There are 2 protein chains.
Amino acid sequence: MKLANYVGGTWVEGSGDGAPLFDPVLGDELARASTDGIDLSAALDYARRTGGPALRAMSFAERAQMLGKISDTLAANRDRYFELAQANSGNTQVDASIDVDGGSGTLKYYAYIGGKLGDANYLTDGALERLGKDEAFQAMHLLVPLDGVAVHINAFNFPSWGLWEKAAVALLSGVPVLAKPATATALLSHAMVKDVVEAGIVPDGALSLICGGARELMDHVASGDAVAFTGSAETAHLLRGHANVIRNSVRFNVEADSLNVSVLGPDAAAGSPEFDLFVREVAREMTVKAGQKCTAIRRALVPAAVIDAVTDALADRLGKTVVGNPRDETVRMGPIVDKVQQKNVLDGIKQLQAEAKTITGDGSFEPVGADPEASAFVPPTLLRCDTPDEADVLHKVEVFGPVSTLMPYDGAEQAYGLAARGGGSLAASVFTGDDGFAAEAALRLAPTHGRVLVVDEAVGKSSTGHGIVMPQCVHGGPGRAGGGEELGGLRGLRFYHQRVAVQGNSGRLHALAEGAAELTV
Amino acid sequence: MKLANYVGGTWVEGSGDGAPLFDPVLGDELARASTDGIDLSAALDYARRTGGPALRAMSFAERAQMLGKISDTLAANRDRYFELAQANSGNTQVDASIDVDGGSGTLKYYAYIGGKLGDANYLTDGALERLGKDEAFQAMHLLVPLDGVAVHINAFNFPSWGLWEKAAVALLSGVPVLAKPATATALLSHAMVKDVVEAGIVPDGALSLICGGARELMDHVASGDAVAFTGSAETAHLLRGHANVIRNSVRFNVEADSLNVSVLGPDAAAGSPEFDLFVREVAREMTVKAGQKCTAIRRALVPAAVIDAVTDALADRLGKTVVGNPRDETVRMGPIVDKVQQKNVLDGIKQLQAEAKTITGDGSFEPVGADPEASAFVPPTLLRCDTPDEADVLHKVEVFGPVSTLMPYDGAEQAYGLAARGGGSLAASVFTGDDGFAAEAALRLAPTHGRVLVVDEAVGKSSTGHGIVMPQCVHGGPGRAGGGEELGGLRGLRFYHQRVAVQGNSGRLHALAEGAAELTV
């Protein structure tokens, strides 16, 4: 089967053999994907000229309703999507839920908050302001939808959530979407878009999909377009630095590599509630989706006094994690997405091992119910480095699998310094019962992180977790993490709107404001 | 005299001969500037390590007070600055006021609005939000100052305003500034920074200055830094696309070329108040600072029915404009900044003339009180193109001098289409007595403009004008204009802050919020 591309309002197969998509557990080829021969320039143009005007003519409430219907369509087909996620991504039920339910849940959330914006189709940003003595002449700021197309380039680890968390915000903003899922796991994205298109929920041209290589897509983006990219830093740099992107000031959001930290507070003694919550969270972040989450904990910082206790507790927990074929009900962790990525992870572990000793994951390993040769498994691999200040690779190389490194620290300043060595990350977490340390750590980690989760015993159960991206919160991080921001509730709409200062007669400004919804974040 | 650089907390002369700065009226060399031999990496590092912590330790109120003192220092030396502006930029009194008073006024404005943020040194962005059923676990967003340096690269036309409108926002944010004025007119920037440094107003490392080439400055910027560039699109593309900038996700704001339009409404008959206001504004935008404003009106769109009347009225007005040595009190328009730019302007006019006929500016021209050979004058040059839909160069080539092109339109749709042909501009203006057209035009011009001024008779006198950048309003534009945003009141602080989502115990979040000031735009 070759996955078709949905461009120009129709399904078109790419030419040639295409690239294969595999089952990472069984090793079977599931489908092929190709964009060869597809006119990408025409695809973008169709979205701009057909989808854009149709979406912009709709009110926020109407667009929100559309998101709600997309979410309902996805929910109705949930079981089938779980099967695809298991087949093409080797997902366990928990993994598939994060991706599939995460996608439909984010759509539902934006349907809810978008609906409250009502009948308007543009926004005010702040109130009227005087510019001089005469009250008749004032200024205000409006946000109007970009008149281009939103190009969404997604990563292999979230074929559903990545697609919909980006599309929800763009579509609510009135901007048509051309999505390019990662080829390796495009099966699920393709099925979902097909279902949504067939349900007739979105206007013609509002949602396009290409399955396969992005080819020369960046040659065709224009002023008024916005690109949101999730993936490797290397590819991000190539695309963001593309001459056409630079020349046309195309908005470009990047979410890339990240050496996220989790910090166990200096107050946390072995066996304290925060100690236990921390151990559980590090283990969970290593094993959920086999550690293939851009937000996963890569560096775990613990007070030197408890490093041995943490090492033992984590090794114990990871040792009990059943790894293998997710079709087996006892399995808690699945494979890496494919053999290429498996090799990347194993090579990465070797790099880290030059600076850290191996606590778990070394030696013999047999996945449950899967052929080690045909499949792409890597065991949970816990490393430990007792001289983290001297380390280099550990703070630089993101190994995208079930891999994390324990590091001891002496005093909060060292912990803050080590966290910053990541060069900018998506998420940090802090486990502490000490309110003073909690406040200080949040502020000190803030300049180099997009999100800081602070956990104490009281929120241990209700915490949404270190690695889970909630649509209410901005998602992105500075520096190495790409410098971007997605989601964040209505904040996310700004990326898809042009802000304009309007100066003039205050009566006219009031009339314009009355036709708008207010954006207050 | 060679202008020294202020780096590492000390004044250092660059090596070699340096580049000359001229008097564009008399042709005299005034000074030289060189950054050769200056360790730019060390200069940035000193700002980061010394200026940054000092500024971040200050509250918003303290930083605002500092801006007020800078403004006062500038005001105290105003007469001397006017002399420098006349000598190095050929400014008239009006020109110098826009630059010099514009700089001190913007500082004063930020001192005022910054003072209201009080004792805090970080900001909240929105309120607490629940993430699930448990009220104890919530999220909020904070804005903390970037921990790097603000690199400000400015254009030759505003050696004062450009310097201070950028510095005011960065310093109020708690981010140290390294400013690089354009070499051609660095005399004024240098004098101002020298006065401010000598007055002991800013902490050590908070304000650095390099006079001369930027050399390999972009090799040394890092994650946490922010670059704000004003100047040519060509240079902007080089710097923004620099591998180190891309690799480190360095924030990069660009304000570049712009083919700004002014539109006379379909309702405006010859002799109507809006007709007269439009003619006055186009003439003013052409002649103030000899048209060397990035916001100046380059394309003037008028209803076909009144194109002849507008042509005559403008030609009449421009014919009366006395052009020459600003030391002569009858002079209303000065020179182009130097001989190189004069040649660029004259070459640009030739390009435009391939698509437009020349109404004024052709033929013999003698500047008052200046030698045409030694000086750099260009007369006010009004062009007219009666087939603007077919034009190409007129919508693409920004001639940075006293040059504008009249174009007739039939119906509002054609006017909107022509405006968008600029590919993204800083500012548009609309002169109309028709409220319906005013509202429609504001919304239709919004996607491709950073600012839209709408003028009717009632605000004809109090309007701040098409080309004047008010600190209350965002300044920047999409596409060709660079895709950036500066100023906009407190909105401008966002560029110099990292936004972080903090998740945790709501009691802890409330405590963090209590220590912060609220950012509501």
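Note that the structure is a prediction, hence the values are computed from the model and not measured.

J.: Before we go on, may I ask you to explain the overall build of chain A in this structure?
T.: Helix and strand counts for chain A come out as 14 helices and 24 strands. For 521 residues, the compact-globule estimate of 2.2 N^0.38 gives 24 Å, and chain A sits close to it at 24 Å. With the model as given, the accessible surface of chain A reaches about 17,000 Å², and the carbon-plus-sulfur share is 50%. Here chain A contributes 45 positive and 64 negative side-chain charges, whose respective centroids are spaced 4 Å apart.

J.: Can you help me understand the packing of aromatic side chains in this one?
T.: Here the distance between the centres and the angle between the planes together describe a pair of aromatic rings. Per the stated rule, a full pass over the model turns up 14 aromatic pairs over all chains. Ring geometry for Phe-495 of chain B versus Tyr-496 of chain B: centroids 5.0 Å apart, planes at 80°, classification edge-to-face. With relative accessibility at 4%, the residue Tyr-496 of chain B sits in the buried group. In this structure, Arg-63 of chain A packs its charged tip against the face of Phe-60 of chain A, placed 4.9 Å from the ring centre. One Lys or Arg, Lys-194 of chain B, reaches over the ring of Trp-11 of chain B and ends 4.9 Å from the middle of that ring.

J.: Honestly, the interface of chain B and chain A in this entry has me stumped. Any pointers?
T.: Note on interface size: it is often stated as the accessible area lost on association of the parts. With 72 residues of chain B at the contact, the number on the chain A side is 72 residues. Both faces considered, chain B and chain A share a buried interface measuring about 5,800 Å² in area, 55% of it formed by carbon and sulfur atoms. Between chain B and chain A we count eight salt bridges in total. On the surface where chain B and chain A come into contact, there are 35 residue pairs in polar contact (both at pLDDT 80 or more). Counting only elements with at least two residues in the side of chain B that touches chain A, the list comes to strand 7 (129-130), strand 8 (137-145), helix 7 (233-240), helix 8 (243-247), helix 13 (435-445), strand 20 (449-455), strand 23 (497-505) and helix 14 (506-514) of chain B. Per-element accounting of the side of chain B that touches chain A gives the leading share, eight residues, to strand 23 of chain B. Tallied by class, residues from the side of chain B that touches chain A come to 31 nonpolar, 26 polar and 15 charged.

J.: Quick question: what am I supposed to make of the relation of the copies chain B and chain A here?
T.: Between the two copies of this chain, the relationship is a rotation about some axis together with a displacement along it. Mapping chain B onto chain A leaves a residual RMSD of 0.0 Å; the transformation is a rotation of 180° accompanied by 0.0 Å of translation along its axis. Both chain copies can therefore be described as sitting about a two-fold axis. Every residue of chain B has its C-alpha some distance from the rotation axis, and the shortest such distance is that of Gly-241 of chain B, at 2.6 Å. With an isologous cut-off of 70% or more, the 100% of interface residues of chain B that recur at the interface of chain A puts this contact in the isologous class.

J.: Help me understand unusual backbone geometry in this model?
T.: All names here are of chain B. You will see that Arg-215, though not glycine, has its phi angle at about 45°, which is positive. One can find Arg-215 in the loop between strand 11 (207-209) and strand 12 (226-230). Phi is positive for Ala-290, close to 50°, though the residue is something other than glycine. Considering the arrangement of structural elements, one finds Ala-290 in the loop between helix 9 (273-287) and strand 15 (299-303). In this structure Ala-290 comes out as buried when scored by relative accessible area, which is 1%.

J.: Any chance you could explain the sheet that holds strand 1 (residues 2-3) of chain B here in plain terms?
T.: Each strand in a sheet pairs with another by means of backbone hydrogen bonds, the pair being arranged parallel or else antiparallel. All names here are of chain B. Taken in spatial order, the three strands line up as 1-5-4 in an open sheet, and their pairing is mixed. Bordering the open sheet on either side are strand 1 and strand 4 (19-22), each of which pairs with just one other strand. Sheet topology places strand 4 next to strand 5 (residues 29-33); four bridges connect them, and they run antiparallel. Bridge pairing links Pro-20 to Arg-32 in strand 5.

J.: Sorry, what's going on with the side chain of Ser-375 of chain A here?
T.: Residue and element names in this part refer to chain A. With respect to the secondary-structure elements, Ser-375 resides in the loop between strand 16 (357-358) and strand 17 (381-384). Classification of Ser-375 by relative accessible area gives buried; the value is 1%. In terms of polar contacts, Ser-375 uses its side chain to reach the backbone carbonyl oxygen of Asp-371, at 2.6 Å. The residues contacting Ser-375, other than those within four sequence positions of it, are Pro-24, Val-25, Lys-339, Gln-342, Pro-367 and Ala-370.

J.: Looking at this structure, I do not really get the pairing of strand 9 (residues 150-153) of chain A. What am I missing?
T.: Regular strands place side chains that alternate from one sheet face to the opposite one. All names here are of chain A. In strand 9, alternate side chains face the same way, and those of Ala-150 and His-152 on one face and Val-151 and Ile-153 on the other are all buried. As judged from the four bridges shared by strand 9 and strand 10 (residues 177-180), these two strands associate in the parallel manner. Each residue of the ladder has a partner; that of Ile-153, found in strand 10, is Lys-180. Remark: the strand 9/helix 5 (residues 161-173)/strand 10 crossover connection has right-handed handedness. Across four bridges, the pairing between strand 9 and strand 12 (residues 226-230) is parallel. Counterpart to Ala-150 in the pairing with strand 12 is Ala-226.

J.: I would appreciate a short explanation of the sheet that holds strand 4 (residues 19-22) of chain A in the present structure.
T.: All names here are of chain A. Within the open sheet, the three strands sit side by side as 1-5-4. Their pairing is mixed. Each having just a single partner strand, strand 1 (2-3) and strand 4 make up the two edges of the open sheet. The sheet contact formed by strand 1 and strand 5 (residues 29-33) spans two bridges and is parallel. In the sheet register, Leu-3 faces strand 5, and the bridge partner there is Ala-33.

J.: Looking at this structure, I do not really get the domain arrangement of chain A. What am I missing?
T.: Residues and elements named next belong to chain A. Looking at chain A, the domain boundaries give domain 1 (2-256 + 483-518) and domain 2 (261-480). The gap between the C-alpha centroids of domain 1 and domain 2 is 30 Å. Between domain 1 and domain 2, the contact holds 34 residues from the first and 36 residues from the second. Together, the buried faces of domain 1 and domain 2 total about 2,800 Å²; carbon and sulfur atoms form 61% of this surface. Its largest share of buried area at the contact with domain 2, domain 1 owes to Pro-24, Val-25 and Phe-156, together 20% of the area lost on that side.

J.: What should I look at first to understand the packing of helix 2 (residues 60-76) of chain B against helix 4 (residues 93-115) of chain B in this one?
T.: Geometrically, a packed helix pair is captured by the angle between its two axes and the distance between the axes. Residues and elements named next belong to chain B. Two numbers describe how helix 2 lies on helix 4: the axes approach to 8 Å, and their chain directions differ by 160°. On the basis of their axis angle, the class for helix 2 and helix 4 is roughly antiparallel. The handedness of the crossing between helix 2 and helix 4 is left-handed. Only Ser-104, Leu-107, Lys-108, Tyr-110, Ala-111, Gly-114 and Gly-115 of helix 4 make contact with helix 2, whose side of the interface consists of Phe-60, Ala-61, Ala-64, Leu-67, Gly-68, Ile-70, Ser-71, Asp-72 and Leu-74.

Quick notes on the rules
- Residues numbered from 1 in each chain as written.
- Chains lettered and ligands numbered in written order.
- Predicted model: local features only at pLDDT ≥ 70, side-chain atom pairs only at ≥ 80, totals over all residues.
- Heavy atoms only, no water.
- Helix = DSSP H or I, 4+ residues; strand = E, 2+ residues; numbered from the N terminus.
- Rg over C-alpha atoms; globule rule 2.2 N^0.38 Å.
- Areas by Shrake-Rupley, 256 points an atom, 1.4 Å probe, with all protein chains shown as cover.
- Lys, Arg positive; Asp, Glu negative; His and termini not counted.
- Charge placed at Lys NZ, Arg CZ, Asp CG, Glu CD.
- Phe/Tyr/Trp six-rings, centres within 6.5 Å; stacked < 30°, edge-to-face > 60°.
- Buried < 20%, exposed > 50% of the residue type's maximum accessible area, 1.4 Å probe, protein only.
- Lys NZ or Arg CZ within 6 Å of the ring centre and 35° of its normal.
- Contact = heavy atoms within 4.5 Å.
- Buried area = accessible area lost by both parts, 1.4 Å probe.
- Salt bridge = Lys/Arg side-chain N within 4 Å of Asp/Glu carboxyl O.
- Polar contact = N/O pair within 3.5 Å; in protein donor to acceptor, adjacent residues only side chain to side chain.
- Nonpolar A, V, L, I, M, F, W, Y, C, P; charged D, E, K, R; others polar.
- Least-squares fit on C-alpha atoms with pLDDT ≥ 70 in both.
- Pairing = 2+ DSSP bridges.
- Right-handed = clockwise from strand over helix to strand, strands pointing away.
- Domains from an automatic or database assignment.
- Axes fitted to C-alpha atoms, helices over the stretch in contact; angles between N-to-C directions.
- Parallel < 35°, antiparallel > 145°, perpendicular 65-115°, else oblique.
- Left-handed = near helix turned anticlockwise from the far one by under 90°.

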